[in-house]
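# Structure at a glance
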Amino acid sequence: MITVKDLHKDYHSGKVIVRALRGLSFHVGSGEFASIVGPSGCGKSTLLYVLGGMLPASQGTVCVGGFDVTAADDRALTRYRREQIGFVFQRFNLLGSLNVYDNLKLAWDLTGSRNTAGGRIESVLESVGLADKSRMKPLALSQGEQQRVAIARALVRQPTLLLVDEPTGNLDSENAEKILTIFKELSQSRKQTILMITHNRALASATERIIEMKDGGVVESGRGETAVPMHGSAP
Ligand SMILES: Nc1ncnc2c1ncn2[C@@H]1O[C@H](COP(=O)(O)OP(=O)(O)OP(=O)(O)O)[C@@H](O)[C@H]1O
Ligand SMILES: [Mg+2]
């Protein structure tokens with residue numbers, strides 16, 4: 001499903017070059033629920049943006065479901081982002097002026113699908129336990145609920161790959177647990193491929209695979225708590 005080979009990403013700010021990703025390689029299978037862990041600044045969000053086709057790589061290849069993200073032109077990337085990727089940002093990025101339903105409706109309309117959303121919005125809200133909040137504005141919801149709206153929005157288009165940046169960052173353990181349950185359910189019953197960044201080791205160990213990053217590279221990639229060292233990919 002996801003194959004990353006020798007991926008590099010440099011940021012140029014003025015004369016300074018930040019080498020955010022330095023030769024990173026890993027593979028995640030279809031339907032797998034994987035987590036990415038590692039210290040702040042090691043390149044986790046950068047990796048997710050490159051995978052999601054939102055940021056160009058400097059070197060290396062990224063393939064998602066047979067689509068070569070690193071070789072695609074802008075048009076193909078726009079379609080890829082719209083049709084294949086669901087993204088939950090580190091900050092929720094919900095539109096405060098729209099209610100929950102309309103936040104999801106907007107995401108649906110952006111697919112350019114001729115079908116009406118029909119029951120899709122209701123069913124996805126149901127799956128994150130927010131069926132009764134669809135007419136509320138995001139700011140009237142708790143942090144945990146807002147995060148679940150952001151997840152529902154990413155799912156409304158039925159993406160091939162769900163990319164999630166720190167979904168439980170500001171949440172207490174009860175809400176973090178709820179979110180984990182949603183992802184596990186998605187991965188088990190719908191074979192949704194999910195890649196989730198987290199700094200929470202307990203959450204990470206509940207996923208099928210842990211990709212451990214350090215200084216822009218992968219230091220370990222393995223199953224759950226029994227992660228095994230990966231050879232030749234450390235920077
Ligand atoms: N737009 C940018 N311009 C220049 N440098 C950047 C930019 N975005 C990120 N960086 C740098 O790239 C490195 C990796 O950043 P990234 O946001 O990917 O880290 P992260 O692992 O997600 O950190 P955190 O856990 O704090 O979210 C950092 O040194 C960061 O300062
Ligand atoms: Mg980050």
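Whatever comes next refers back to the structure up there.
Rules behind the numbers
Residues numbered from 1 in each chain as written. Chains lettered and ligands numbered in written order. Predicted model: local features only at pLDDT ≥ 70, side-chain atom pairs only at ≥ 80, totals over all residues. Heavy atoms only, no water. Helix = DSSP H or I, 4+ residues; strand = E, 2+ residues; numbered from the N terminus. Rg over C-alpha atoms; globule rule 2.2 N^0.38 Å. Buried < 20%, exposed > 50% of the residue type's maximum accessible area, 1.4 Å probe, protein only. Contact = heavy atoms within 4.5 Å. Areas by Shrake-Rupley, 256 points an atom, 1.4 Å probe, with all protein chains shown as cover. Lys, Arg positive; Asp, Glu negative; His and termini not counted. Charge placed at Lys NZ, Arg CZ, Asp CG, Glu CD. Core = buried A, V, L, I, M, F, W, Y, C linked by side-chain atoms within 4.5 Å. Pairing = 2+ DSSP bridges. Axes fitted to C-alpha atoms, helices over the stretch in contact; angles between N-to-C directions. Phe/Tyr/Trp six-rings, centres within 6.5 Å; stacked < 30°, edge-to-face > 60°. Salt bridge = Lys/Arg side-chain N within 4 Å of Asp/Glu carboxyl O. Near = heavy atom within 4 Å. Polar contact = N/O pair within 3.5 Å; in protein donor to acceptor, adjacent residues only side chain to side chain. Nonpolar A, V, L, I, M, F, W, Y, C, P; charged D, E, K, R; others polar.

This next bit is on the overall build of the protein chain. Along its length, the protein chain carries seven helices and ten strands. Computed over C-alpha atoms, the radius of gyration of the protein chain comes to 17 Å, within 12% of the 18 Å expected from 2.2 N^0.38 for 235 residues, which places it in the range of a compact globule. Principal axes of the C-alpha set define a box for the protein chain whose edges measure 50 × 40 × 35 Å. Per-residue burial over the protein chain gives 49% buried out of 235 residues. Across the protein chain, the fraction of contacts at a sequence separation of at least 24, relative to all contacts at a separation of at least 6, is 66%. In the structure as shown, the protein chain presents an accessible area of about 11400 Å², 48% of it carried by carbon and sulfur atoms. Across the protein chain, the 28 positively charged side chains and the 24 negatively charged ones have centroids separated by 5 Å.

Counting residues in each nonpolar core, the largest one holds 35 residues, and the members touching the most others are L162 and F183. Of all elements in the fold, only α3 (100-109), α4 (120-127), α5 (143-155), β7 (161-165), α6 (173-190) and β8 (193-197) reach the threshold of two or more residues within this core. When neighbours within four sequence positions are excluded, L162 is seen to be in contact with G86, V88, A154, L155, F183, L186, Q192, T193, I194 and L195.

Before going further, it helps to examine the pairing of β8. If a strand is regular, its side chains alternate between the two faces of the sheet. A large share of β8 lies buried, amounting to five of its five residues. Of the two faces of β8, the one carrying T193, L195 and I197 and the one carrying I194 and M196 are both buried. Bridge count for strand β3 (residues 33-37) against β8 is four bridges, and the pairing is parallel. Directly across from I36, in β8, lies its bridge partner I197. Relative to β8, β7 runs parallel, the two being bridged by five bridges. Within β8, the residue paired with L162 across the bridge is I194.

Here we take up the sheet that holds strand β9 (residues 209-214). Taken together, the six strands give an open sheet; going across it, the order is β6-β7-β8-β3-β9-β10, and neighbouring strands pair in mixed fashion. The sheet is open, and its two edges are formed by β6 (85-88) and β10 (217-223), each paired on a single side. On average, each strand axis in the sheet is inclined to that of its neighbour by 15°, with strand direction left out of account. Inspection of the sheet shows β9 paired to β10 by six bridges, in the antiparallel sense. Note that in β10 the partner of I211 across the bridge is S221. Sitting on the sheet, helix α2 (residues 74-84) touches β6 and β7, and the angle it makes with β6 is about 75°.

Once that is clear, we can look at the packing of aromatic side chains. The tally for this structure, following the rule as stated, stands at four aromatic pairs. Judged by centre distance (6.0 Å) and plane angle (65°), the rings of F33 and F183 are edge-to-face. In this pair, F33 sits in strand β3 while F183 sits in helix α6, placing the two residues 150 residues apart along the sequence. Like F183, F33 is buried. Ring geometry for F67 versus Y80: centroids 4.7 Å apart, planes at 20°, classification stacked. Of the two residues, F67 sits in strand β5 (residues 67-68) while Y80 sits in helix α2, which places them 13 residues apart along the sequence.

Our next topic: the pattern of salt bridges. Pairing is possible between side chains of opposite charge, provided their charged atoms come close. What the rule picks out here adds up to five salt bridges. Note that K133 is salt-bridged to E145, the shortest N-O span being 3.4 Å. Taken together, the positions of K133 in the loop between α4 and α5 and E145 in helix α5 put the pair twelve residues apart, joining distant regions of the chain. Between R201 and E212 there is a salt bridge; the shortest N-O distance is 3.3 Å. Of the two residues, R201 is situated in helix α7 (residues 201-205) and E212 in strand β9; the sequence distance between them amounts to eleven residues.

This paragraph deals with the site of ligand 1. Lining the immediate surroundings of ligand 1 are Y11, V18, A20, P39, S40, G41, C42, G43, K44, S45, T46 and Q90. Contact distances for ligand 1 include 3.3 Å between an oxygen atom and a backbone N or O atom of C42. Note that an oxygen atom of ligand 1 is positioned 3.1 Å from one of the backbone N or O atoms of G43. Surface burial for ligand 1 is 62%, taken as the share of its 640 Å² of free accessible area covered by protein chains. Breaking the shell around ligand 1 down by element, the ones donating at least two residues are β2 (16-28) and α1 (44-51). Among the elements that make up the shell around ligand 1, the one with the highest residue count is α1 (three residues). Taken together, the residues of the shell around ligand 1 sort by class into five nonpolar, six polar and one charged.

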